[in-house]
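Okay, here's what each chain looks like letter by letter:
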Amino acid sequence: MALREQQVELAARVSLHDALPCPLRRIAGLDVGFEDGGATTRAAAVLIDARTGSVIEQHVARIETRMPYIPGFLSFRELPALVEALAMLSSTPDLVFVDGHGVAHPRGLGVAAHIGVETGLPVIGVAKKVLVGEFEEPGPMPGDRTPLLYKGQRIGTVLRSKLRCRPLIVSPGHRVSHETAFEQVLVRLAGYRLPEPTRLADRLASRRDAASRA
DNA sequence: GCGACAG
DNA sequence: ATCTTGTCGC
């Protein structure tokens, strides 16, 4: 079966309804990086205590890259490593933040949405650039936002997370509403453009963090 | 046909 | 994503 047909089927399983535990206990951040000029895919998973914000544990999964990057099909390239890293966590997170789009995708299945339907966990997609859709530039203040529209439908939120920084594109991955998605990102901002879960996973995935340089 | 195109 | 130091600006 062709990949785009798989996307359409998987996308039909995505839920935009909130299904998160009231007091969130643990949240996770996921991101991918590459080594050996792309031959090796490196996925990072960071587990954070939702109440204190402290890191509980973090892992890195490294596997052979199986597919090239094709716009619109990113999840098939990164999913294997991401699932591997997620499985390394000793406890399941109540909410997962993924670097990339959720439903803000041509066929509604960005990496965040793909991981969501694959694991059944609540997921939020946090991307740095738009893939598809139109929007009005949001105001300059952190928290300012405008809806991302595509074919007459809302597919995400263009969110200003930091002053003088390009806005983030936030979209539900699975079991989360548009409202909850950007609100959760706002709550996890710690003075940086990216929310903590994604920011920390990003540093671990790309090998420019203190730990891997040791 | 031309340009755009998450990471 | 990745190759890569310093540098301009707030």
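As recorded in an unreviewed UniProt entry, chain A goes by Endonuclease V and comes from Novilysobacter selenitireducens. Under the heading Sequence similarities (unreviewed entry), UniProt records this for chain A: "Belongs to the endonuclease V family." Quoted verbatim from the Subcellular location (unreviewed entry) field of the UniProt record, the comment on chain A reads "Cytoplasm".

**Student:** Hey, could you run me through the protein's contact with DNA strand C in this one?
**Tutor:** If you check the shell around DNA strand C, you find G33, F34, K128 and R164 and nothing else. One of the backbone N or O atoms of F34 is found 3.4 Å from a phosphate oxygen in DNA strand C. R164 is positioned such that a nitrogen or oxygen atom in its side chain is 2.7 Å from a sugar or linking oxygen of DNA strand C.

**Student:** How should the sheet that holds strand 6 (residues 145-150) be read in this particular structure?
**Tutor:** Sheet strands line up and pair through hydrogen bonds in the backbone, either parallel or antiparallel. Taken together, 8 strands build an open sheet; the order of strands is 3-2-1-4-5-8-7-6 and the sheet is mixed. Either end of the sheet is taken by a strand with one partner, and the two such strands are strand 3 (55-64) and strand 6. The average angle at which neighbouring strand axes cross in this sheet is 25 degrees, direction not considered. By the bridge criterion, 3 bridges tie strand 7 (residues 153-159) to strand 8 (residues 168-174) in an arrangement that is antiparallel. Residue pairing in the sheet places V158 in a bridge with I169 of strand 8. Together, strand 4 (95-99), strand 5 (123-127), strand 6, strand 7 and strand 8 form the strand contacts of helix 4 (residues 178-187), whose direction differs from that of strand 7 by roughly 10 degrees.

**Student:** How should the protein's contact with DNA strand B be read in this particular structure?
**Tutor:** Not every one of the 18 residues close to DNA strand B is listed here, only the nearest: Y69, G72, L74, G110 and K128. L74 places a main-chain nitrogen or oxygen 3.0 Å from a base nitrogen of DNA strand B. A distance of 2.9 Å separates a phosphate oxygen of DNA strand B from a polar atom in the backbone of K128. The element that contributes the greatest number of residues to the surface near DNA strand B is helix 2 (residues 74-87), accounting for 3 residues. Its residues assigned to classes, the surface near DNA strand B shows 8 nonpolar, 4 polar and 6 charged.

**Student:** Help me understand the pattern of salt bridges in this model?
**Tutor:** Where charged atoms from two side chains of opposite charge approach closely, those side chains can pair. The tally for this structure, following the rule as stated, stands at 5 salt bridges. With a shortest N-O distance of 2.5 Å, R62 and E35 are connected by a salt bridge. Taken as a pair, R62 in strand 3 and E35 in strand 1 (residues 26-35) lie far apart in primary sequence, 27 residues in all. The salt bridge partner of D99 is K128, with a shortest N-O separation of 2.8 Å. Highlighted residues: D99 in strand 4 and K128 in the loop between strand 5 and strand 6, separated in sequence by 29 residues.

**Student:** I would appreciate a short explanation of the UniProt feature "site: Interaction with target DNA" (unreviewed entry) in chain A in the present structure.
**Tutor:** Under the local residue numbering, the UniProt record ascribes the feature "site: Interaction with target DNA" (unreviewed entry) to Y69. Along the polypeptide, Y69 turns up in the loop between strand 3 and helix 2. Ignoring sequence-local partners within four residues, the contact set of Y69 consists of L74 and R77.

Calculation rules
- Residues numbered from 1 in each chain as written.
- Chains lettered and ligands numbered in written order.
- Predicted model: local features only at pLDDT ≥ 70, side-chain atom pairs only at ≥ 80, totals over all residues.
- Heavy atoms only, no water.
- UniProt positions renumbered as here; feature names shortened; annotations may be inferred.
- Near = heavy atom within 4 Å.
- Polar contact = N/O pair within 3.5 Å; in protein donor to acceptor, adjacent residues only side chain to side chain.
- Pairing = 2+ DSSP bridges.
- Helix = DSSP H or I, 4+ residues; strand = E, 2+ residues; numbered from the N terminus.
- Axes fitted to C-alpha atoms, helices over the stretch in contact; angles between N-to-C directions.
- Contact = heavy atoms within 4.5 Å.
- Nonpolar A, V, L, I, M, F, W, Y, C, P; charged D, E, K, R; others polar.
- Salt bridge = Lys/Arg side-chain N within 4 Å of Asp/Glu carboxyl O.

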